[in-house]
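# An overview of the molecular structure
Chain by chain, the residues:
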Amino acid sequence: MGYEIPFNQPAIIGRELEHVEAAVRGGHTSSSGPFSGRVCELLSASHEGAHVLLTTSCTDALEMSAMLMDIEPGDVVIVPSFTFVSTALAFSRAGAQLLFADIEPRTLGIDPDHVRQLLEEEPRVRAVVAVHYAGIGCDLAGLAEVMSQYPDVMLIEDNAHGLFGSADGRPLGTFGRMSTLSFHETKNFVCGEGGALVLNDPADIDRAHVLHDKGTNRRAFFLGQVDKYTWVDTGSSFGLSDMLAAFLLGQLEQRDVVLQRRREVFEAYVEALEPVASELGLRLPVVPERRQSAYHMFHVLLPDRGSRDRALDGLRERGVQATFHYVPLHSADEGRRAAAMPTACPVTDDISGRLLRLPFYNDLGADGARQAAGSLLDVLA
Ligand SMILES: *Cc1c(COP(=O)(O)O)cnc(C)c1O
């Protein structure tokens, strides 16, 4: 509280409130209404025509993906250790045991070499979950090469950070069998709480709708494919309210503006910090060739944990709300309980102790970024 420059600040950017009012007045406020339809169309178009279902969160979309794959006790799922809890929880609560994979130091995404090792050791693996940290595509080509030896193991992208980013000219979120999105207030496009499941294989569409509709064949009924609707499978109440979809549509309609603003913030940070980075022992984010960032955040790596923690304190004293990021899941209490076996993730341990995230939001502007970067340089001087 009381920061001159907060870490995040969600903002109205277009017609969000107008759309919410229309949704309420239109009378369809539950899920799968007209605004949900428009959001799904927009997201489908940005995912090469994939089928999209809106959910109440990215966590829910990940849980749906576990249900769709019939993940059950005895299965194993590989997830990065350096990620948000939900990436792992969704599969663990379905009964799977987890193998925590390390990240590679360049993109901070899952390390294909470690995935290869884990796949060689553990025959029960059903899926590998990849995260595009900070909106920068992980090593998808490396993963594809490793996973081509294991055609029954499915790739799932937890794309909570990467909407509208790309790798090798293809949108992030279209590489896996399915991918998930988050519209939580901390993400690039928000509706308070919300998410989506993106289905890149049409074979998954019909069953996904049953799971999404509380285990009923309601959609087949409305499409005239069956003459009554009833309980046919497992499922839950995964659908996003159309009022929230309306808000989200207002955000997504402004995607070019949002991405442009976030890019300006990112570039202002790079401009301010790059000239002095090596002298101060700072490492800035790397966007590899042929990858387009979704500009979800801006992080720096400090030389060690002590200097990172001192920088966090110093920034706080100067009114700048910087923060660390994930506590490695492989060393969390529940992560250890959920693991099929302990794994070593030395890069994760190292990065997690040295990473600092600077304020990053649509309205920060290049000036705000320069000011926050200046405070960091002050602290390090
Ligand atoms: C935010 C986030 C989630 C969870 O998203 P919710 O919509 O809050 O459920 C999952 N994975 C990653 C990588 C995230 O950053």
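Residues numbered from 1 in each chain as written. Predicted model: local features only at pLDDT ≥ 70, side-chain atom pairs only at ≥ 80, totals over all residues. Heavy atoms only, no water.

## Observations regarding the side chain of histidine 212
Here histidine 212 is to be found in helix 7 (residues 205–212). Those residues within four positions of histidine 212 in sequence are excluded, and the remaining contacts are Ser32, Leu53, Leu54, Thr55, Met64, Ser236, Phe238 and Gly239. (Helix = DSSP H or I, 4+ residues; strand = E, 2+ residues; numbered from the N terminus. Contact = heavy atoms within 4.5 Å.)

## Observations regarding empty space enclosed by the protein
Inspection of the entire model under this criterion finds two cavities of 30 Å³ or more. If you add up the space inside the largest cavity, you get close to 80 Å³. Around the largest cavity, the lining residues are Asn8, Gln9, Pro10, Ala11, Glu185, Lys187, Asn188, Val190, Gln251, Arg262, Tyr361 and Asn362. The calculated volume of the second largest cavity comes to roughly 50 Å³. Lining the second largest cavity we find Asn159, Ala160, His161, Gly162, Leu163, Leu181, Ser182, Phe183, Lys187, Asn188 and Phe189. (1 Å grid on protein atoms, 1.4 Å probe; cavity = no way out; pocket = protein on both sides within 12 Å on 5 of 7 lines; lining within 4 Å. Points joined across faces, edges and corners; volume = space filled by probe spheres on them.)

## Overview of a nonpolar patch on the surface
Where nonpolar side chains cluster on the molecular surface, the patch consists of Phe84, Val85 and Leu89 and spans about 270 Å² of accessible area. Of note, phenylalanine 84 is situated in the loop between strand 2 (76–80) and helix 4 (85–92). (Patch = residues over 30% accessible without salt bridge, like charges linked within 9 Å, V, L, I, M, F, W, Y side chains within 5 Å. Areas by Shrake-Rupley, 256 points an atom, 1.4 Å probe, with all protein chains shown as cover. Salt bridge = Lys/Arg side-chain N within 4 Å of Asp/Glu carboxyl O.)

## Some words on the sheet that holds strand 5 (residues 154–158)
As a general point, the strands of a sheet are linked pairwise by backbone hydrogen bonds and lie either parallel or antiparallel. As summarised here, the arrangement of the seven strands in space is 1-9-8-5-4-2-3, forming an open sheet in which the pairing is mixed. Looking along the sheet, the strands with just one partner apiece sit at the ends: strand 1 (51–55) and strand 3 (97–101). Going from strand to strand, the sheet's axes swing by 20° on average, the running direction of each strand aside. Bridge count for strand 1 against strand 9 (residues 195–199) is five bridges, and the pairing is antiparallel. The partner of histidine 51 across the bridge, within strand 9, is leucine 199. (Pairing = 2+ DSSP bridges. Axes fitted to C-alpha atoms, helices over the stretch in contact; angles between N-to-C directions.)

## What about the packing of helix 11 (residues 305–317) against helix 14 (residues 365–380)?
In contact at an axis separation of 9 Å, helix 11 and helix 14 are set at 120° when each is read in the N-to-C sense. As summarised for this structure, helix 11 and helix 14 are arranged oblique, according to the angle between their axes. The element helix 11 and its partner helix 14 pack so that their crossing is right-handed. Together, Arg310, Ala311, Gly314 and Leu315 of helix 11 and Ala372, Ser375, Leu376, Val379 and Leu380 of helix 14 make up the contact between the two elements. Here the contact of helix 11 with helix 14 is built from residues that sort into six nonpolar, two polar and one charged. (Parallel < 35°, antiparallel > 145°, perpendicular 65-115°, else oblique. Left-handed = near helix turned anticlockwise from the far one by under 90°. Nonpolar A, V, L, I, M, F, W, Y, C, P; charged D, E, K, R; others polar.)

## Re the sheet that holds strand 6 (residues 166–167)
Spatial strand order, 7-6-10: three strands in an open sheet with antiparallel pairing. The sheet terminates laterally at strand 7 (170–171) and strand 10 (291–292), the two strands that pair on one side only.

## Here we look at helix 14
Compared with an ideal rise of 1.5 Å per residue, which puts 16 residues at 22 Å, helix 14 spans 23 Å between its outermost C-alpha atoms and is within 8% of the ideal. Gly368, Ala369, Ala372, Ala373, Ser375 and Leu376 are the residues of helix 14 that are buried. Seen from one end, helix 14 has its buried residues packed into an arc of 150°, which puts them on one side. (Expected span 1.5 Å × (residues − 1). Buried < 20%, exposed > 50% of the residue type's maximum accessible area, 1.4 Å probe, protein only. Arc of directions from axis to C-beta.)

## A few points about the nonpolar core
Met69, Val77, Phe91, Phe100, Met178 and Leu199 are the most contacted members of the largest nonpolar core, which has 33 residues in total. At the level of elements, helix 3 (58–68), strand 2, helix 4, strand 3, strand 4 (125–131), strand 5, strand 9 and helix 7 are the ones that each hand at least two residues to this core. By residue number, the principal contributor to this core is helix 3, which donates six residues. Apart from the residues lying within four places of it in its own chain, the contact partners of valine 77 are Ile71, Phe91, Ala96, Gln97, Leu98, Leu99, Ala127 and Val129. (Core = buried A, V, L, I, M, F, W, Y, C linked by side-chain atoms within 4.5 Å.)

## What to know about the pattern of salt bridges
Scanning the entire structure with this criterion turns up 23 salt bridges. For glutamate 18, the salt bridge identified is with arginine 15, shortest N-O distance 2.8 Å. Close ionic contact of aspartate 70 with arginine 207 constitutes a salt bridge, the shortest N to O distance being 3.2 Å. Here arginine 207 lies in helix 7 and aspartate 70 lies in the loop between helix 3 and strand 2, a separation of 137 residues in the sequence. Take arginine 207: its relative accessible area is 23%, and that puts it in the partly exposed class.

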